[in-house]
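Read off the chains here:
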Amino acid sequence: AFNKINDKNLELHFIGSVNQNLKKICKKELKDDRVKLLGTMSKINLRNRLKDYDIFCLASLEEGMAISMLEAMSMSLVPICSENTGARDVIKHGYDGFVFKIRDVKDIRKKILFLRNNPEKLKKMSTRIRKKICQKFTNKKYQEKIISNYKKILFKT
């Protein structure tokens, strides 16, 4: 998707573990100076890095509820995530982010271009997702949900 966007002002940064397989794929598929493999970083460095970004993309084929997705949203990054990341449980498609079918390269590209070409929509979505995460995905809310689910399991008759 990124290869099909011809805009020298856009960059793609991979944050996280960078193994030989990812390096090989990037060398083969992403022959572009706009692509950066940043590797893992401390929470403080991650937070400092994320504040400079606008979009978070998670194109995973299969993943549980990705903490990286929630971290990015808490920093106001507009999410573009595959349907297999837990994104549907968080994102209201088109309102505060986007959810796409796995392997739908055209749709990923379309969403990135939409946000690039509509800065006012990007800003609104950014504000909405941050507000949602701060209200509904706090540690306290998480603990309340876990305890509630444990009670349901334990006291099920």
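Everything that follows concerns the structure shown earlier in this document.
Here the structure is a predicted model, which is why all the values come from computation and not from measurement.

Visitor: Which residues make up the overall build of the protein, and what values go with them?
Guide: The secondary structure content of the protein amounts to six helices and five strands. Written out in order from the N terminus, the α and β elements of the protein read β-α-β-α-β-α-β-β-α-α-α. Within the protein, residue pairs in contact and separated by at least 24 positions form 49% of the contacts whose partners lie at least 6 positions apart. Carbon and sulfur atoms provide 51% of the accessible area of the protein, an area that totals close to 11,100 Å². Side chains of the protein carry 36 positive and 17 negative charges; the gap between the two charge centres is 4 Å.

Visitor: Describe a nonpolar patch on the surface, naming the residues involved and giving the relevant values.
Guide: Nonpolar side chains collect at one region of the surface, where Tyr 150, Ile 153, Leu 154 and Phe 155 lie side by side and expose about 530 Å² of accessible area between them. Here Phe 155 is to be found in the segment after helix H6 (139–154). The exposed category is assigned to Phe 155, whose relative accessible area is 61%.

Visitor: How would you sum up the side chain of Ser 60? Please name residues and give values.
Guide: Take Ser 60: it is sitting in the loop between strand E3 (55–58) and helix H3 (67–74). Only 3.3 Å separates the side chain of Ser 60 from the side chain of Glu 63, close enough to count as a polar contact. Setting aside anything within four residues of it in sequence, one finds Ser 60 in contact with Ser 82, Asn 84, Thr 85 and Ile 102.

Visitor: For the sheet that holds strand E5 (residues 98–100), give the residues involved together with the corresponding values.
Guide: If you trace the three strands from one edge of the open sheet to the other, you get E3-E4-E5, paired in parallel fashion. In this open sheet, the two edge strands, each paired with only one partner strand, are E3 and E5. Across this sheet, the average inter-strand angle for adjacent strands is 10°, counted without regard to direction. Examined bridge by bridge, E3 and strand E4 (residues 78–82) share four bridges and lie parallel to one another. Paired with Cys 57 across the two strands is Ile 80, which belongs to E4. Across the sheet, H3 is in contact with E3 and E4; its angle to E3 comes to roughly 170°.

Visitor: Talk me through the packing of helix H4 (residues 105–117) against helix H5 (residues 119–136); I want residue IDs and the actual numbers.
Guide: Between H4 and H5, the shortest axis-to-axis distance is 5 Å and the interhelical angle comes to 100°. As judged from the angle between their axes, H4 and H5 are roughly perpendicular. Contacts between H4 and H5 involve Phe 114, Leu 115, Arg 116 and Asn 117 from the first element and Pro 119, Lys 121, Leu 122 and Met 125 from the second. A breakdown of the residues in the contact of H4 with H5 according to their chemical character gives five nonpolar, one polar and two charged.

About the cut-offs
Residues numbered from 1 in each chain as written. Predicted model: local features only at pLDDT ≥ 70, side-chain atom pairs only at ≥ 80, totals over all residues. Heavy atoms only, no water. Helix = DSSP H or I, 4+ residues; strand = E, 2+ residues; numbered from the N terminus. Contact = heavy atoms within 4.5 Å. Areas by Shrake-Rupley, 256 points an atom, 1.4 Å probe, with all protein chains shown as cover. Lys, Arg positive; Asp, Glu negative; His and termini not counted. Charge placed at Lys NZ, Arg CZ, Asp CG, Glu CD. Patch = residues over 30% accessible without salt bridge, like charges linked within 9 Å, V, L, I, M, F, W, Y side chains within 5 Å. Salt bridge = Lys/Arg side-chain N within 4 Å of Asp/Glu carboxyl O. Buried < 20%, exposed > 50% of the residue type's maximum accessible area, 1.4 Å probe, protein only. Polar contact = N/O pair within 3.5 Å; in protein donor to acceptor, adjacent residues only side chain to side chain. Pairing = 2+ DSSP bridges. Axes fitted to C-alpha atoms, helices over the stretch in contact; angles between N-to-C directions. Parallel < 35°, antiparallel > 145°, perpendicular 65-115°, else oblique. Nonpolar A, V, L, I, M, F, W, Y, C, P; charged D, E, K, R; others polar.

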